[in-house]
Amino acid sequence: MATRARIRDSRSDRIFTIWNVTILTLFTVSVLYPLVYIVSASISDPHAVNSGKMWLWPVQVTIEGYRTVFAYHEIVTGFLNSLFYAVVGAAFSVSLTLLAAYPLSRRDLYGRGPIMVYFLIPMVFSGGMIPTYLVVHQLGLLNTRWALVIPGAVSVFQVIITRTFFQVSIPEDLLEAARVDGCNDFRFFFRMVLPLSKPIIAVNALFYAVGQWNSWFNALIYLTNQHLFPLQLVLRQILILNSVDPSQVTDASLLAHQQALQDLLKYGLIVIASIPPLLAYPFVQKHFVKGMMIGSLKG
Amino acid sequence: MSSGSTREPVQGSNDNGSLSRRGFIQGAAAVGIGATTLAACSSGGAGGSKLSSAGKPVKGGPKTTPNKAAIYPEGYIGPVASFKGPVTTEHATITVVVPQDVQVGDWSKNEFTKWLEKRTNVHVNFKEIASSANSNNASDEMMTKVNAMISSGELPDVFMGMGFTASQIYVNGHDQKIFTPLNKIIDEYCVETKRMFKDYPDTKTVYTMPDGKIYSMPNLNDCFHCKAGDDRAWIYKPWLDKLGLKMPETLDEFETVLEAFKTKDPNGNGIHDEIAFTAADNATTFDKFIMGSFLYNPGTPWLVLENDKVDVVFNKPGWREGLKYLNRLYSKGLIPKESFTRTNEQVLRLGNAKTTVLGAVRGYYWASFMDIVETDKHPKYLDYVCIPTLRGPNSFRTAGWDYYQPYSVGSFVITTACKIPEIAAMWADSQYELESVVRSYQGVQGKNWRWAKQGEKGINGAQAIYNNLTLWPPKPNLAWIQNGIMYRSDGFRLGEAVDPAHPTFEKALYENSKAAYYPYRQKQDLQLPPLSMTSDEAGQIADLQTTINNYVIQMMTKFTQGKPDPNQDGAWNNYLATLNKMGLPKYLQINQKAYNDRPK
């Protein structure tokens, strides 16, 4: 316990510490407050929330909101569908990204430059919505789950980050050593490259999974079977689209009902929709900074 | 991050660390062949009705026998109950695109779907588009999907509940020939539609496009209180009583009342926290309520008719007088500055607060500024009552009454891909029958509603027609809510039995609107009917309308706040000049042309 007797903080140090703590505390509160507010609101009486009686902790605790959420079949199916799209979509996208990025990281790839340019073109402009729709239609993907998984499965941005990661963290000497021992490219990729690339795989998986979890537009365009709809589409219907201009609605009882329903479901839905990403983050976070940093060096 | 870049074949031929050109070409070729094969497979199934035996449409419409279970009030006009036979000689199938709606649940398993199939002998393959539940409003997103379907040739037989605008119908019907004209089919097969044409003579003109054809089946919802819509402003009656004031009838009386609200502390908490007059949110304007004391104001887009001449009201002297009045209220602090910035959430918070602070509010109905809690013994919302249109100079008072509110075009169109349009039309026509309407809207007979008994009173106090056993809306999977097409006349809507002990707010809204605005409504020939335009006109007018409307609203706020002052001639002339520069004459000219061309 020698530290006790150590040098006392100087005046400026103490001021710095106080400021530091104050500012960081304020920052933490400003981040935490909305989270707590939404969780509290989701188990409070909607009328209390509307009248401003609830500002931090739950008032008139009720689980009516959650009960109503689960009474809607679409919300439950939507949740499961979204999980499917996030998991399968991420797995598919990550595999393709790795398979694209590794060869591009190899100096001995013939025609690496032109291929890279070819990859970059769709980053600048895409074919447009209707042509893409026609392609999906002609491939027979319309109204199947694959319509959300296959089109746009690979993000070129991720390919570049991953390629750079490989270039930086997999030394060429390793490949040569493996070759001497009789290892072929496949074996090298699966046995050496992949185990060494966990951070970048985690980053990719998170990006793709969150992307899938939050997306709704492709589903809107490609799906006409409500059993395949992801959660976000159902959420949009309940939360955003129903908050319409009252003068445009011909029926007051419809409007009143929509408002009441929206009030009741709003916060519970937000909580439910945020749980999976919130659960995933802590596990991936430790890889996150590492993977991103290395990947973005020498871009 | 761009889309559409799966590059599998490149990687596939890449095993040895160097890409062989042959491998690449082979890979590419394989994908190409694969794509064509798939396309070939799917092209057979694109669009239209895939059926082996569709049957023939029943000549002259389905067999119809009156249903004696329904009793009608005297002088009733509206849908009539009857038993209907099948519309096709053999079981038929049609594909219908509908909006997804959590209240409807699974369209194919919905109770009303089953009932209608049994009655009509038409099976429906539903395709759901994710979007708003409100069929009167096509959202842009829904239209994106519909356009993608149309341009890929993947047409269903029917679009229902999509809310096409009149112009979209005209473009797709007349120019693109994607929607089927229905005049002849309605004439030969659709009994209920013809009843509607007879009951509501405007129906036919509203639904007929400039080329004389009808492309969409009517969807009629004659809602009394909706016609007053944005006329409504609400006042807290207990404050008037407490201060010994009577309901304001003139502009001056209104001003006195507001002043009393502001200065006399009617909520009695010792603080001047009362808000005399405000709007339900920053997008709500005062014009439809206030301008009625100076001139007839139909509300956005402010187009009116005068002896068959299309005109606007926002550049008239009466409008300026209205702005001066608003400016006076504002400068006295009776309309607070925050009224123009508060969001609806903030206003709701004020309206729901324990201490009453809102005196008068311009809002569509109670829920615009407070929660409607029906379960209370004496719900507080009922204390807010409608302020009648105020009497202005020369005793002028006119409430803008929307005579064309009942008609929403574009709820039901049959595409040219449909091989049995007569059957599809009759399937629609069947939905206008009284029992169908109640089932489609309210749910299962015997569970969600029953026919009214002799002596039960409706919303307007006359004999009721049906009695709702459960609160609307029904639980999911029982009804189509408002996504189907219906014939809901005024008589039908008011025929909902009211439990005298627990009236719903629908009744109060009806009574308020009837007392405060109905007596002062304008003549119908002053209102510009809905116009359908050619694609060319529609394109030109869209931009003009947005620019002009935004400017009018923006200037209304500015004039109210006295920046610029509506009392200064310079400011007003400036406003008029800017409107002309924005293309007001051209805007009127296009509207005039569309009005002249409309089918009489």
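Here we take up the overall build of chain A. Looking only at helices and strands, chain A has 14 helices and zero strands in total. The secondary structure elements of chain A, listed N-terminal to C-terminal, are α-α-α-α-α-α-α-α-α-α-α-α-α-α. Buried positions account for 37% of the 299 residues belonging to chain A. By sequence separation, contacts in chain A at least 24 residues apart represent 73% of the contacts at least 6 residues apart.

A few words on the overall build of chain B. Regarding its fold elements, chain B presents 20 helices and 16 strands. The buried share of chain B, taken over its 600 residues, is 49%. Once local pairs closer than 6 in sequence are excluded, the contacts in chain B between residues at least 24 apart make up 79%.

So, on to the packing of helix H18 (residues 535–560) of chain B against helix H20 (residues 584–597) of chain B. Residues and elements named next belong to chain B. At a closest axis distance of 10 Å, the pairing of H18 and H20 adopts a crossing angle of 135°. When the axes of H18 and H20 are compared, the pair comes out oblique. For the pair H18 and H20, the crossing hand works out as left-handed. Two secondary-structure elements touch here, H18 through Glu537, Gln540, Ile541, Leu544, Gln545 and Ile548 and H20 through Leu584, Lys586, Tyr587, Ile590 and Ala594. Looking at the contact of H18 with H20, its residues break down into seven nonpolar, two polar and two charged.

For the rest of this paragraph, the subject is the sheet that holds strand S7 (residues 233–236) of chain B. Residues and elements named next belong to chain B. Here four strands make up an open sheet; going across it, the order is S8-S11-S7-S12 and the pairing mixed. Pairing within the sheet leaves two strands with one partner each, and these edge strands are strand S8 (275–279) and strand S12 (384–386). Put simply, the sheet's adjacent strands are angled 25° from each other on average, direction ignored. Here S7 pairs with S12 via three bridges, running antiparallel. The residue bridging Tyr236 from the neighbouring strand is Tyr384, located in S12.

Packed helices, taken two at a time, are described by their axes: the angle between them and the distance between them. All names here are of chain A. Here helix H4 (residues 73–105) crosses helix H13 (residues 231–239) at 145°, and the two axes come no closer than 7 Å. Residues Glu74, Ile75, Gly78, Phe79, Asn81 and Ser82 of H4 touch H13, and the partners they reach there are Leu231, Gln232, Leu233 and Val234. Looking at the contact of H4 with H13 residue by residue, the class counts come to five nonpolar, four polar and one charged.

On to the pairing of strand S3 (residues 92–99) of chain B. Residue and element names in this part refer to chain B. Taking burial as the measure, the eight residues of S3 include eight buried ones, the bulk of the element. The side-chain alternation of S3 yields two buried faces, one formed by Ala92, Ile94, Val96 and Val98 and the other by Thr93, Thr95, Val97 and Pro99. As defined by bridge partners, S3 adjoins strand S4 (residues 122–129) across eight bridges and the pair is classed as parallel. Paired with Val97 across the strands is Lys127, a residue of S4. Each parallel crossover has a hand, and the one from S3 via helix H3 (residues 111–120) to S4 is right-handed.

Turning our attention to the confidence of the model for chain B. Considering every residue of chain B, the mean pLDDT works out to 85; 89% of them sit at 70 or more. A low-confidence stretch, residues 1–52 of chain B (pLDDT under 50), is modelled with 89 contacts involving residues beyond four sequence positions or located in other chains.

All names here are of chain B. Spatially, four strands are ordered S4-S3-S5-S13 in an open sheet, and the strand pairing comes out mixed. At either margin of the open sheet sits one strand with a lone partner, and together these are S4 and strand S13 (412–414). Between one strand axis and the next, the sheet turns through 25° on average, direction left out of account. Sheet strands touched by helix H14 (residues 421–430): S3, S4, strand S5 (158–160) and S13. Its angle to S13, the strand with the most contacts, is close to 165°.

A word on the nonpolar core. With 214 residues, the main nonpolar core has Ile94(B), Val158(B), Ile169(B), Leu258(B), Ala360(B), Ala424(B) and Ala425(B) as its most contacted residues. The biggest single contributor to this core is H4(A), with twelve residues.

Let us look at the environment of Gln237(A). Position of Gln237(A) relative to the elements: it lies in helix H13. Separated by 83 residues in sequence, Gln237(A) and Val154(A) have C-alpha atoms that sit 28 Å apart.

Residues and elements named next belong to chain B. Counted at 1.5 Å a residue, the expected span for helix H19 (residues 569–581) with its 13 residues is 18 Å, and the 18 Å between its end C-alpha atoms agrees. Those residues of H19 that fall on the buried side of the exposure criterion are Trp572, Tyr575 and Leu579. Projected down its long axis, H19 shows its buried positions confined to an angular sector of 55°, all on one face. Facing away from the buried surface of H19 by more than 90 degrees, the exposed residues are Asp569, Gly570, Asn573, Ala577, Asn580 and Lys581. Considering only its buried residues, H19 is in contact with helix H12 (317–331), H18 and H20. At the exit of H19 stands Gly583, carrying a positive phi of roughly 100°.

Okay, the environment of Trp319(B) next. Along the polypeptide, Trp319(B) turns up in helix H12. Its 24 C-beta neighbours within 10 Å are what place Trp319(B) among the buried residues.

Another point: unusual backbone geometry. Here the bond from Thr300(B) into Pro301(B) is cis, since omega is 0°, no more than 30 degrees from zero. Along the polypeptide, Pro301(B) turns up in the loop between helix H11 (287–290) and strand S9 (303–306). The omega angle of the peptide bond from Lys563(B) to Pro564(B) is 5°, so this bond is cis rather than trans. Take Pro564(B): it is sitting in the loop between H18 and H19. A positive phi angle, close to 45°, is found at Gln60(A), a residue other than glycine. Of the residues examined, Gln60(A) has 13 C-beta atoms within 10 Å and is grouped as partly exposed. Look at Asn121(B): it is not a glycine, yet its phi comes out positive at around 65°.

Residues and elements named next belong to chain A. Its place among the elements puts Phe79 in helix H4. For Phe79, a count of 20 C-beta atoms within 10 Å translates into the label buried. Sequence separation between Phe79 and Pro230 is 151 residues, and the spatial gap between their C-alpha atoms is 6.5 Å. Not counting residues up to four positions away in its chain, the partners in contact with Phe79 are Leu231 and Ile272.

Residues and elements named next belong to chain A. Taking 1.5 Å as the rise per residue, helix H1 (residues 11–42) with 32 residues should run 46 Å; its terminal C-alpha atoms sit 46 Å apart, in good agreement. At Leu32, H1 shows its largest kink, close to 30°, and the proline Pro34 lies no more than four residues downstream. A small share of H1 lies buried, amounting to two of its 32 residues.

How each quantity is defined
Residues numbered from 1 in each chain as written. Chains lettered and ligands numbered in written order. Predicted model: local features only at pLDDT ≥ 70, side-chain atom pairs only at ≥ 80, totals over all residues. Helix = DSSP H or I, 4+ residues; strand = E, 2+ residues; numbered from the N terminus. Buried ≥ 20, exposed ≤ 12 C-beta atoms within 10 Å, placed from the backbone. Contact = placed C-beta atoms within 7 Å. Axes fitted to C-alpha atoms, helices over the stretch in contact; angles between N-to-C directions. Parallel < 35°, antiparallel > 145°, perpendicular 65-115°, else oblique. Left-handed = near helix turned anticlockwise from the far one by under 90°. Nonpolar A, V, L, I, M, F, W, Y, C, P; charged D, E, K, R; others polar. Pairing = 2+ DSSP bridges. Right-handed = clockwise from strand over helix to strand, strands pointing away. pLDDT = per-residue confidence, 0-100. Core = buried A, V, L, I, M, F, W, Y, C linked by C-beta atoms within 7 Å. Expected span 1.5 Å × (residues − 1). Arc of directions from axis to C-beta. Bend = angle between axes of the 7 residues up to and from the residue.

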